[in-house]
Amino acid sequence: MAKFFDKEKPGNYCGFEYDRFLTSEVGFGPRGEYYHLVLVKDGHIIAFGHEQGNYAGGIYASTTFSTDCFHKQKEYIRKEYPELYEKIKDIPLAKVYKPADKAIYRPKGKAGEYAQFACNFYTGCSNDCQYCYCKRGVMSKVWSTTPRLKKCFKDEDDAIATFKNELDYYNCNGSSISTKGIFFSFTTDPLLDETGGLTVEAAVYALRKRVRVQILTKRADGALRFAECLSRMLGRIDRSTHIAIGFTLTGSDELEKNASPTEARIDAMRQIHSLGIRTFASIEPLLDLQVADDIINCTLGFCDLYKVGLLSGGKQPIDLMQLSEFVPYITQKVGASGAKIYWKNSVKDLLGGAEYHHPASVGADYDIFFYDPYGMSQVPFNRFKL
């Protein structure tokens, strides 16, 4: 007599909630019993899978990933497992999930230079930095000193659920999100009291999915609290944990009136780096060359990467000739400490496209998680020329 494992009552299989669990005839092979299965929810097929004894099995096509594969599976079942097809032939396929980029998106323009994937849950920021680009242009319409959940989310539960769905989609559909990672955040400080909770939950989920995470903040207290929460939720953190925490360090506290003082941010960076977490400094906007030099001197030894960029819009406070001398001077200093430095396009553009090639000088696609025991970069040494 043919053997089937059909279940006509609700259950859960590999994280998929179903109303009906329908299988092909159970066979037997070198790995034990095997069969194909179809999950049905709310009158629609939501997933196809298989079992092969105690050694393998699971979902191989669903509404949340493998889009092309999902649409082809019903025809495959028709040809290869006609007895299972008879059970499902009149059951329509569920609508395939496609992200609306509500939480995760691909930044463009200058933001695209910073990250290939980013997450924004909130708009507005209590740091209230005078130079913030969100106060100008399109973002100015939704900007405020009180962070607010984006209108596309019903509430925080909806926001994190959307994030997880979008991350799973990108992670399973051939994108580079697992290697390029995800950046928090361009429209707020992700480690404020109001924003930190969602950031922690999203970062932990991403890390458990083996997606790299980078956080940029001006909050020393928020960064330390984030590291503590991360350690508690993951069990431990060290250099193998693909998380990097960065601090914006312009040295101009008077322009960042509600952010943590620069000295506090540097101290938090030191503590976080000692835990084994990678750290980076965003010296952008570059407002004073001497102040930037002082900041770098204070962070050498516990900062893995420096990102330096100019003020966006308005008259530049930096002298061109002084900048042309500053770039090689700082690059050599950073390199001597074993760290790397990325001079953003705004710096290169002001210098007429000139670049200073050095083992410590890296591009926008530099992988902060790459272990380079010899301290060599992707570009050969060359002289800096204007």
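From a predicted model like this one, the values you see are computed outputs, not experimental measurements.

Visitor: Just checking my understanding: could you explain the environment of Phe48 for this structure?
Guide: You can see Phe48 is positioned in strand E6 (residues 44-52). What makes Phe48 buried here is its relative accessible area of 0%. When the C-alpha positions of Phe48 and Thr63 are compared, they lie 9.5 Å apart, and in sequence the two are 15 residues distant. Contact partners of Phe48, with chain neighbours within four places excluded, come to Leu37, Val38, Gly58, Ile59, Tyr60, Ala61, Phe70, Gln73, Lys74, Ile77, Ile88 and Leu93.

Visitor: Could you clarify how one ought to interpret the packing of aromatic side chains in this entry?
Guide: Each aromatic ring pair is characterised by the separation of its centres together with the angle its planes make. A full pass over the atoms with the stated rule returns 15 aromatic pairs. Relative to Tyr169, the ring of Tyr97 has its centre 6.0 Å away and its plane inclined at 70°; by these criteria the two rings are edge-to-face. Of the two residues, Tyr97 is situated in the loop between helix H2 (82-88) and strand E8 (104-105) and Tyr169 in helix H4 (residues 156-172); the sequence distance between them amounts to 72 residues. With a relative accessible area of 22%, Tyr97 lands in the partly exposed category. When its relative accessible area of 17% is taken as the criterion, Tyr169 is described as buried. Every member of this aromatic cluster is reached through a ring pair, and the members are Tyr97, Phe117, Tyr169 and Tyr170. Sitting over the face of the ring of Tyr114, Lys307 holds its NZ or CZ atom 4.2 Å from the ring centroid.

Visitor: Would you mind going over the packing of helix H6 (residues 196-208) against helix H7 (residues 220-234) with me for this structure?
Guide: The geometry of a pair of packed helices is captured by two quantities: the angle between their axes and the separation between those axes. H7 packs onto H6 with a crossing angle of 45° between their chain directions and a minimal axis gap of 10 Å. Classified by the angle their axes make, H6 and H7 are oblique. As H6 runs across H7, the sense of the crossing is right-handed. Side by side, H6 and H7 meet where Thr199, Val200, Ala203, Val204, Leu207 and Arg208 of the first sit next to Phe226, Cys229, Leu230, Met233 and Leu234 of the second. Class assignment for the residues of the contact of H6 with H7 results in nine nonpolar, one polar and one charged.

Visitor: Looking at this structure, I do not really get the environment of Gln332. What am I missing?
Guide: Following the sequence through the fold, Gln332 ends up in helix H10 (residues 320-336). For Gln332, a relative accessible area of 42% translates into the label partly exposed. In the structure, Gln332 is positioned 28 residues away from Ala360 in sequence and 7.3 Å away in space, judged by C-alpha atoms. In terms of polar contacts, Gln332 uses its side chain to reach the side chain of Tyr356, at 2.8 Å.

Visitor: How do you make sense of the nonpolar core when you look at a structure like this?
Guide: One recurring pattern in soluble globular proteins: nonpolar side chains tend to sit buried together. Counting residues in hydrophobic clusters, the biggest one holds 69 residues, and the most contacted among them are Phe121, Phe163 and Leu286. Among the elements that line this core, the one with the most residues is H6, at eight residues. With residues near it in sequence (within four places) discarded, Phe163 still touches Ala103, Ile104, Cys119, Phe121, Ile182, Phe184, Ala202, Tyr205 and Ala206.

Visitor: How should I be thinking about the packing of H7 against helix H8 (residues 262-274) in this particular structure?
Guide: At a minimum axis distance of 8 Å, the contact between H7 and H8 shows a crossing angle of 15°. The orientation of H7 with respect to H8, classified from their angle, is roughly parallel. For the pair H7 and H8, the sense of crossing is left-handed. Contacts from Ala220, Ala223, Leu224 and Ala227 in H7 reach Ala264, Arg265, Ala268, Gln271 and Ile272 in H8. Across the contact of H7 with H8, the residue classes break down as seven nonpolar, one polar and one charged.

What counts and how
- Residues numbered from 1 in each chain as written.
- Predicted model: local features only at pLDDT ≥ 70, side-chain atom pairs only at ≥ 80, totals over all residues.
- Heavy atoms only, no water.
- Helix = DSSP H or I, 4+ residues; strand = E, 2+ residues; numbered from the N terminus.
- Buried < 20%, exposed > 50% of the residue type's maximum accessible area, 1.4 Å probe, protein only.
- Contact = heavy atoms within 4.5 Å.
- Phe/Tyr/Trp six-rings, centres within 6.5 Å; stacked < 30°, edge-to-face > 60°.
- Lys NZ or Arg CZ within 6 Å of the ring centre and 35° of its normal.
- Axes fitted to C-alpha atoms, helices over the stretch in contact; angles between N-to-C directions.
- Parallel < 35°, antiparallel > 145°, perpendicular 65-115°, else oblique.
- Left-handed = near helix turned anticlockwise from the far one by under 90°.
- Nonpolar A, V, L, I, M, F, W, Y, C, P; charged D, E, K, R; others polar.
- Polar contact = N/O pair within 3.5 Å; in protein donor to acceptor, adjacent residues only side chain to side chain.
- Core = buried A, V, L, I, M, F, W, Y, C linked by side-chain atoms within 4.5 Å.

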